[in-house]
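# Chains, contacts and geometry: an overview
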Amino acid sequence: MTLEQFLLVLDKLPSVARIHLQGVGEPLLNRDLPKMVRSARSSGARVGTSTNASLLTREAAAALLDAGINRINLSIDTIDPLVFKRLRDGITVESVINNITALADIRCKSSYPDTDLALALVASPSVLEKLQEIIHLGANLGLDEVYMQNLNSSFFPSNNSDLQQLNNVDPEKYREATLAAGITAENLGIRFLAPDLDCTDHSYRCQWPFHGCNITWDGFVSPCCLQPDPDLLNFGNLFESDFEMIWQSSSYRDFRARVKADCEPICVECPARYGRMWHPAANPFAKHES
């Protein structure tokens, strides 16, 4: 998305309270990201982004902090060098940790009290094996939070065995690892949030269709960041229509009704369906839930 397109989106959403600048790719590939952050903050929105930190140079980190960003989620698949290399060929876990260290250092020395930094993990065997080390890493760097989310495997290519294995989590090992990590995090003074993968309460309903949406780089409005492909589902294009017309359209209302009735086919495999995607406090729409 160009800066001009983003400014048009802001014009169409004058009262938006929260913006997370993230797509399927790496946000730092967009050179205008700091300008987008600054523009969104000027409009009154709180702004966050998620990055794998491979491009997070000191200059890029300073630019985001100076723009007024409120939260940066630092996605790290594992701190095991060999596993990391298989998952992200071309970069090393050492370089990523160095970049995160520089970001934390700049925030500490220059004082950005309204910016939260969080390590973002996926529930995978390689993360669980190193979870204690990751908690210590986050605490030693002075980060605010380490949070884990369930894996959304919808976009995994079926022929990638490394990615498929990420989804193979033993429930008992998960419970043991996250319980111990919670104790360690409390002792070290850092937040640790992990979802309940054993949740059996099927009365929960995802809040994305009721309180948020995903806007693609080319303006299509899709229901959430977990299903951002407009070719699979979209309710209109913000560059062609007013947001209120899209939000109140019959197709969007019908979709919400199906989600509420738990009969929307596209949501069947989604971990957010029954609240297993995030810990309740890490859920972006937690404040809307009873």
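Anything mentioned here points back to the structure above.
What you see is a predicted model; the values in this text were computed from it and never measured.

Moving on: the overall build of the protein. Helices and strands together make up the secondary structure of the protein, namely 12 helices and 8 strands. Since a compact globule built from 290 residues should have a radius of gyration of about 19 Å, the 19 Å found for the protein is in line with a globular shape. Here the C-alpha coordinates of the protein stretch approximately 50 × 45 × 40 Å along the principal axes. Each of the 290 residues in the protein was classed as buried or not, and the buried ones make up 46%. A fraction of 67% describes how many contacts in the protein between residues 6 or more apart in sequence connect residues 24 or more apart. For the protein, the exposed surface amounts to about 14,800 Å²; the carbon and sulfur share of it is 51%.

On to helix H2 (residues 33-42). The set of residues buried in H2 consists of Leu33, Met36, Val37 and Ala40. The buried residues of H2 occupy an angular sector of 100° when the element is viewed end-on, so they sit on one face. If you follow the buried residues of H2, they end up packed against helix H1 (3-12), strand S1 (18-21), strand S2 (46-51) and helix H3 (58-67). Phi turns positive one or two residues past the end of H2, at glycine 44, with a value near 105°.

A word on the pattern of salt bridges. Within the structure shown, the criterion is met by 13 salt bridges. Residues aspartate 105 and arginine 58 are paired through a salt bridge, measuring 3.6 Å at the closest nitrogen-oxygen approach. Here aspartate 105 is found in helix H5 (residues 93-110), whereas its partner arginine 58 is found in helix H3, with 47 residues between them in sequence. Salt bridges linked by common partners bring Arg71, Asp116, Glu145 and Arg191 together as one network.

Calculation notes
Residues numbered from 1 in each chain as written. Predicted model: local features only at pLDDT ≥ 70, side-chain atom pairs only at ≥ 80, totals over all residues. Heavy atoms only, no water. Helix = DSSP H or I, 4+ residues; strand = E, 2+ residues; numbered from the N terminus. Rg over C-alpha atoms; globule rule 2.2 N^0.38 Å. Buried < 20%, exposed > 50% of the residue type's maximum accessible area, 1.4 Å probe, protein only. Contact = heavy atoms within 4.5 Å. Areas by Shrake-Rupley, 256 points an atom, 1.4 Å probe, with all protein chains shown as cover. Arc of directions from axis to C-beta. Salt bridge = Lys/Arg side-chain N within 4 Å of Asp/Glu carboxyl O.

Nothing here speaks to function; it is geometry throughout.
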